[in-house]
Amino acid sequence: MLKKSRSVLTSTCTLTFSLPSSTLDGPVSVVGTFNDWTPGAHPLRRRSNGTVSTSVKVPVGTTVRFRYLGEHGRWFDDADADEITVDGSVVLV
């Protein structure tokens, strides 16, 4: 699940990346244009509701490209993204 929360006061948007923990076989991080594609910079943390998630703030009007990086270097995309391309998931903020 991908959630967008816009702040009118700061002209930013918080993107929350969330996945069901039952579908994962190890640690996962989200990498993309917001962190210079740095693995491990935004790891998904376990939540009490059975998911893993993390959030990032980006300026409103930004096009964010991202992918998830899982165990053993496995890359995967988010079905809830606005678009999925050969380069990964795309979200228009």
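Residues numbered from 1 in each chain as written. Predicted model: local features only at pLDDT ≥ 70, side-chain atom pairs only at ≥ 80, totals over all residues. Heavy atoms only, no water.

## Considering the pattern of salt bridges
Then comes step 1: Taken as a whole, this structure holds two salt bridges when the rule is applied.
Then comes step 2: Linking K4 and D82 is a salt bridge whose minimum nitrogen-to-oxygen distance equals 3.1 Å. Here D82 lies in the loop between β7 (75-76) and β8 (83-85) and K4 lies in strand β1 (residues 2-7), a separation of 78 residues in the sequence.
Then comes step 3: For K4, a relative accessible area of 35% puts it in the partly exposed group. (Salt bridge = Lys/Arg side-chain N within 4 Å of Asp/Glu carboxyl O. Helix = DSSP H or I, 4+ residues; strand = E, 2+ residues; numbered from the N terminus. Buried < 20%, exposed > 50% of the residue type's maximum accessible area, 1.4 Å probe, protein only.)

## Some remarks on the environment of F76
Then comes step 1: Structurally, F76 can be placed in strand β7.
Then comes step 2: For the pair F76 and S89, spaced 13 residues apart in the sequence, the C-alpha separation amounts to 8.8 Å.
Then comes step 3: Beyond its immediate stretch of four places on either side in the chain, F76 contacts L19, L24, V28, R67, Y68 and G70. (Contact = heavy atoms within 4.5 Å.)

## Description of the pairing of strand β3 (residues 29-32)
Then comes step 1: Neither face of β3 is exposed, since S29 and V31 on one face and V30 and G32 on the opposite face are all buried.
Then comes step 2: By the bridge criterion, four bridges tie β3 to strand β6 (residues 63-69) in an arrangement that is antiparallel. When the sheet's bridge partners are listed, V31 is paired in β6 with R67. (Pairing = 2+ DSSP bridges.)

## Structural notes on the sheet that holds strand β2 (residues 12-20)
Then comes step 1: The strand order β1-β2-β5-β4 describes an open sheet built from four strands, whose pairing is antiparallel. A strand with exactly one partner marks an edge of an open sheet, and here the two such strands are β1 and β4 (45-46).
Then comes step 2: Here nine bridges tie β2 to strand β5 (residues 51-59), and the two strands are oriented antiparallel to one another. Paired with S18 across the strands is S53, a residue of β5.

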